[in-house]
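# Fold and geometry: a report
Each chain is listed here by its residues.
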Amino acid sequence: MIKIQEIREIIKLIDHSSIDEFSYEAEGTKIKLKKNSLHESTEVIVPQSNFAAPQVVESSTMDTTQVTTSPTVKESFANIEVKESINDESFHKIQSPMVGTFYESSSPDSPAFVQIGDKVSEEGIVCIVEAMKLFNEIEAEVSGEIVEILVKDGQLVEYGQPLFLVKAN
């Protein structure tokens, strides 16, 4: 499934290029972009399995914030806008100190170390990163409140990849 951010990037690339028409189809997702000299339009068809019905997104200015869609797709765009606004530089990023697998708890049946809204201290453990069968506890490094968890449980993470956003005290 293609992500909405990827669709936005494709729209920007097509808008700034000399290409008049672009089509993409993979795994049930179809994207067709047409650009005319007098009227630009965008058509995105999303698979039925993820939404109530196939959606057609049209915009006269190639601006993804002015789309006409069902409430489900509008909510998806709204969630992305919120996440983009949360990625503010005023928040402290807890980063992965190594390449490995992110775990939010010490075992599958244990509760997560932290959740959004939890208060953390500098020495407080926020997650575990497994690397070569070694489980490394990751500390918050700062006192504050967890604003966002940027990775999912079991996800592979890179060195320096942000894991959490913390509103520091």
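Residues numbered from 1 in each chain as written. Predicted model: local features only at pLDDT ≥ 70, side-chain atom pairs only at ≥ 80, totals over all residues. Heavy atoms only, no water.

## Some remarks on the environment of I94
Convention followed: Strands here are runs of E lasting at least two residues and helices are runs of H or I lasting at least four, both read from the DSSP assignment and numbered beginning at the N terminus. For the exposure calls, accessible area comes from a 1.4 Å probe over protein chains only, and a residue counts as buried if that area is under 20% of its type's maximum, exposed if over 50%, partly exposed in between.
Within the secondary structure, I94 is located in strand 4 (residues 92-95). By relative accessible area, I94 is classed as buried at 0%. Along the sequence, I94 and I146 sit 52 residues apart, while their C-alpha atoms lie 9.9 Å from each other.

## Topic: the pairing of strand 2 (residues 29-35)
The following threshold applies: A pair of strands counts as paired when DSSP detects no fewer than two bridges linking them.
Only one face of strand 2 is covered, namely the face carrying T29, I31, L33 and K35; the face carrying K30, K32 and K34 is uncovered. Pairing of strand 1 (residues 21-26) with strand 2, which is carried by 6 bridges, proceeds in the antiparallel orientation. Each bridged residue has a counterpart across the sheet, and for A26 the counterpart in strand 2 is T29.

## A closer look at the packing of aromatic side chains
This is how it is decided: The criterion for an aromatic pair is that two Phe, Tyr or Trp rings (for Trp, the six-membered ring) have centres within 6.5 Å, with stacked assigned to planes under 30 degrees apart, edge-to-face to planes over 60 apart and tilted to the rest.
In this structure the tally under the stated criterion is 2 aromatic pairs. Ring centres of Y103 and F135 lie 6.3 Å apart, and the angle between their planes is 45°; on these two criteria the pair is classed as tilted. On the criterion of sequence distance, the pair formed by Y103 in strand 5 (residues 100-103) and F135 in strand 8 (residues 134-139) is long-range, its members being 32 residues apart.

## What about the sheet that holds strand 8?
Taken together, the 4 strands give an open sheet; going across it, the order is 8-7-5-10, and neighbouring strands pair in antiparallel fashion. Only two strands of the sheet have a single neighbouring strand rather than two, namely strand 8 and strand 10 (156-157).

## So, the nonpolar core
Applicable threshold: We call a set of buried residues a nonpolar core when its members are Ala, Val, Leu, Ile, Met, Phe, Trp, Tyr or Cys and they connect through side-chain atoms within 4.5 Å of each other. Contacts were defined at the residue level, with two residues in contact if any of their heavy atoms lie within 4.5 Å.
Formed by 16 residues in total, the largest nonpolar core has its most connected members in I94, F102, V120, V126, C127, L163 and F164. Looking at this core, the elements that each hand over two or more residues are strand 7 (125-131) and strand 11 (162-168). Residues in contact with V126, not counting those within four places in the same chain, are I94, E104, F113, V114, V120, I138, E139, A140 and F164. Core analysis: the second largest hydrophobic core is formed by 6 residues, I10, I11, I14 and L33 among them.

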